[in-house]
Structure formats: C-alpha cells, structure tokens
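Okay, here's what each chain looks like letter by letter:
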Amino acid sequence: MFKNFFFQILLIFFITPNLFAQTQYFISSSEGNDKNDGLSDLSPWASLDRLNSEKLYPGDIVKFKRGDVFYGQLRIDESGLPEAYIQFTSYAEGDLPIIDGSVGRLGSALAAILIQDQDCIEINNLQIQNFRKDSRPNTSDLDAYGIWVKNTGKRNLKGFKFHNLLVEKIYPIKPRKSFNKTSVSGIRFETFPAKFKHKAVNTSDIYLHNNIIRHTARFGISLRHKPSAIKGITDTSLDYDNNVRIINNRCEDLGGSCVLMNGVWKGLLEKNLFIRSG
C-alpha cells in the first residue's frame, strides 16, 4: 500500500510541472511558410489554414506578426483551463496584425474569429475586420461578426478575456429588410436556449476591456442569451450569461447600439466611451 502511494506521489511530481507546458506558435504572412515548425519568429507559419489545423493545449500562446495581414477565418477549436488560458496576441514592432475574414478561399466568413463551444480564451493586441464581399456556401449573406463566441448548449462556458483590440469594418454582404433583425456585431456572444431542464447552460466570466470598436452595421458589442420557456429554468441564473464586465472600451460610428446586454445576470458596464452610435 505504501509502495503504491509513493508511486502516485512520484507520478504527480513528474507530471504536474508539464501539465500546463506552454508552447508558443508564431505566424507571419510576410515571412512565414506553412512547412515551418512555427515554434519561433525565425520559422513562423504563414496562414490561418495552417494554424487552424494545429491542436492547441491549455497555456499555449499564438503570436501574429505585427504589420502582417491574415485572410480568412481563425477557428478556435480548443479550450484552455482557468489557470491556463489559450492566448492569441502579437509579436514584433509596428501596426497591429490584421485578421480579415472578408477574403477567404471559399468566400467571406460569417465571423473573422469563431469560438464555438470553447472557453478559457484570451485575445489581445490584434486588429479584426470583416467587410464581407463574396458569398460563402451554406453561410448567410445577412450578418457579419468580428469575433463570434457561440455556445450551442453542450456545456457551460467560462472565461473570456478580450482586450486591446481594434475591431472595425464589420458589414454583411446584404442588409436585412428589417434593421431590428440584424445582429451584425464587432464582438458577439450568443448562447442558445435550453431545450431540456437538465441541459440548461450559460456563458460566464466575460471580461472585455480597452478595445476600440468602430464602423459596424449595427452593434459594437452584443451579448444574447436566448431565453428558455422551461419551468425551473426561466428567471434563474442558468437562463442568463453571468458575470460580464465591459470596461474602458471606445465605440464609435456604429449603425446601432454600442453595447447590447440581453439576457445577462450580473453585468457591469463602466467607463466606456460611446461616440456617434446609431
């Protein structure tokens, strides 16, 4: 018994330090090559397609070269952990690196950055734009997003830090006939309503700060937890997104509201600057 206990202690000792081992990936459209290993600024990848194909783990950091433009959609398909977020940021000197969802191999992406059913994500020091021009198979022409965090109801999502971003030029290919049905947003969080009581979920711990959002067809930041009609869920915290902080952001020249918090429980809107909102 003592021998087994001693073995378990040794196992924890040797494995734990590597549990959140951090790998840094570098990507440069001007200097990179997708055949590189992507592990240093001397051997960066070149494209979002190469990055999208890589499996990321908690604690990993992806760095985009400043001054470069990356066309297509960044799909974030993995989650971090509360103590080890997956981070997307920049490196080198110069203008912010641009992720432009409007130009892609299959047409314009609905969102320049898509995060679906993943959490513990940090995004900072990037420029994001999506002025959609070309139709894409099986994709609506009527909306557009810079960053779209989508909770389809598989589990609770928790932990998002978006800061020091420039999000601009977010426009759909075609406008909707009714402006009130347009959901175009620089940053959008969307949680689907519960279909069954035991499957009710929410999205929580959202911290958006020190961002500039401008030139969108409607919203700057929108949060939309669609309400359920299930007894025991309605008017409980599970029917809302929780703990949302939107602080020190600048929204300007928007088609609609700078910030929409629809279906939010414990939301803080503080020290934001709204200029020429629709």
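Residue positions within a chain follow its written sequence, with the count starting from 1. Confidence filtering applies because this is a predicted model: local features only for residues at pLDDT of at least 70, side-chain atom pairs given and counted only at 80 or more, and all residues used for totals across whole chains, interfaces and linings. Side-chain numbers come from the whole structure's heavy atoms, not from hydrogens or water.

## Observations concerning the overall build of the protein chain
- Segments assigned H or I by DSSP are reported as helices when at least four residues long, segments assigned E as strands when at least two residues long, and all are numbered from the N terminus. Along the backbone of the protein chain there are two helices and 21 strands.
- What the globule rule says is 2.2 Å times the number of residues to the power 0.38, and the radius of gyration is computed from C-alpha atoms. Taken against the 2.2 N^0.38 rule, which gives 19 Å for 278 residues, the C-alpha radius of gyration of the protein chain at 20 Å falls within 12% of a compact globule.
- Dimensions of the protein chain, computed from C-alpha atoms along their principal axes, come out at roughly 70 × 55 × 40 Å.
- For the exposure calls, accessible area comes from a 1.4 Å probe over protein chains only, and a residue counts as buried if that area is under 20% of its type's maximum, exposed if over 50%, partly exposed in between. Here the protein chain holds 278 residues, and the buried ones make up 50% of them.
- Partitioning the contacts of the protein chain with sequence separation of at least 6, the portion at a separation of at least 24 is 75%.
- Considering the protein chain, the positive charge centre built from 36 side chains and the negative charge centre built from 29 side chains are found 7 Å apart. By definition, residues are in contact when any of their heavy atoms lie within 4.5 Å. We count Lys and Arg on the positive side and Asp and Glu on the negative side, and we leave His and both chain ends out. By convention, charge coordinates are those of NZ in Lys, CZ in Arg, CG in Asp, or CD in Glu.

## Notes on the nonpolar core
- In terms of nonpolar packing, the biggest core is built from 46 residues, with Phe64, Phe88, Ile115, Ile123, Ile147 and Phe162 touching the most fellow members.
- Setting aside chain neighbours within four positions, we find Ile115 in contact with Ile76, Ile121, Ile123, Ile147, Trp148, Val149, Lys150, Phe160 and Phe162.
- Each nonpolar core is a collection of buried residues, namely Ala, Val, Leu, Ile, Met, Phe, Trp, Tyr and Cys, held together in the definition by side-chain atoms within 4.5 Å. If you look at the next biggest cluster of nonpolar residues, it comprises five residues, including Leu110, Leu114, Tyr145 and Trp148.

## Describing the environment of Leu48
- Summarising the element assignment, Leu48 is placed in helix α2 (residues 48-52).
- Separated by 89 residues in the primary sequence, Leu48 and Pro137 have C-alpha atoms spaced 19 Å apart.
- Setting aside anything within four residues of it in sequence, one finds Leu48 in contact with Ile27, Phe64, Phe70, Tyr71, Gly72, Gln73, Leu74 and Ile99.

## Quick notes on the sheet that holds strand β6 (residues 98-100)
- In this scheme, strands are said to pair when DSSP sees at least two bridges between them. Strand order in this open sheet of seven strands is β3-β6-β9-β12-β15-β18-β21, and the pairing throughout is parallel. Each edge of the open sheet is held by one strand with a lone partner, namely β3 (69-71) and β21 (273-275). Mean inter-strand twist for the sheet, computed between neighbouring axes without regard to direction, equals 15°.
- The pairing of strand β15 (residues 212-216) with strand β18 (residues 250-254) spans four bridges and is classified as parallel. Residue Thr216 lies in a different strand from β18, and its bridge partner there is Leu254. Lines fitted to C-alpha atoms define the axes, with helix axes restricted to the stretch in contact, and inter-axis angles between N-to-C directions lie between 0 and 180 degrees.

## A closer look at the environment of Asp100
- Along the chain, Asp100 turns up in strand β6.
- For the pair Asp100 and Gln116, spaced 16 residues apart in sequence, the C-alpha to C-alpha distance is 19 Å.

## Observations regarding the sheet that holds strand β7 (residues 111-116)
- Pairing is parallel in the open sheet, where six strands are placed in the order β4-β7-β10-β13-β16-β19. Each of the sheet's edge strands pairs with one partner strand only, and the pair in question is β4 (74-76) and β19 (259-262). Adjacent strand axes in the sheet meet at a mean angle of 5° when their direction is disregarded.
- Sheet topology places β7 next to strand β10 (residues 145-151); five bridges connect them, and they run parallel. Looking across to β10, one finds that Ala111 is bridged to Tyr145.

## Thoughts on the pattern of salt bridges
- By convention in these notes, a salt bridge is any Lys or Arg side-chain nitrogen within 4 Å of a carboxyl oxygen on Asp or Glu. Within this structure, the stated rule accounts for 10 salt bridges.
- A salt bridge links Asp141 to Lys174; the nearest nitrogen and oxygen atoms lie 3.9 Å apart. On the criterion of sequence distance, the pair formed by Asp141 in the loop between β9 (127-131) and β10 and Lys174 in the loop between β12 (166-171) and β13 (185-191) is long-range, its members being 33 residues apart.
- Here Arg214 makes a salt bridge to Glu168, at a shortest N to O gap of 2.8 Å. Linking Arg214 in strand β15 with Glu168 in strand β12, this pair joins segments that are 46 residues apart in sequence.
- Here Arg214 falls in the partly exposed class, since its relative accessible area comes to 25%.
- Exposure remark for Glu168: the relative accessible area of 7% places this residue in the buried category.

## Quick look at the pairing of strand β17 (residues 241-247)
- Of all seven residues that make up β17, five are buried, and the element is covered over most of its length.
- Taken together, the six bridges between β17 and strand β20 (residues 264-270) define a ladder with parallel strand orientation. Across the sheet, Val244 pairs through a bridge with Gly267, a residue of β20.

## Considering the packing of aromatic side chains
- Only Phe, Tyr and Trp rings take part, Trp by its six-membered ring, and two of them pair if their centres are within 6.5 Å. Stacked means planes under 30 degrees apart, edge-to-face means over 60, and tilted covers everything else. Scanning the entire structure with this criterion turns up nine aromatic pairs.
- Taking the centre distance of 4.7 Å and the plane angle of 35° together, the rings of Tyr145 and Trp148 count as tilted. Both residues of the pair, Tyr145 and Trp148, count as buried.
- The rule is short: NZ of Lys or CZ of Arg within 6 Å of the ring centre and within 35 degrees of the ring normal puts a charge over the ring. One residue, Lys161, lies across the ring of Tyr85, its end atom 4.5 Å from the ring centre.

## Examining the confidence of the model for the protein chain
- The predicted model of the protein chain averages 92 in pLDDT, with 92% of residues at 70 or higher.
- The low-confidence segment residues 9-18, where pLDDT is below 50, has one contact with residues more than four positions distant or belonging to other chains. The predictor attaches a confidence to each residue, called pLDDT, with possible values from 0 through 100.

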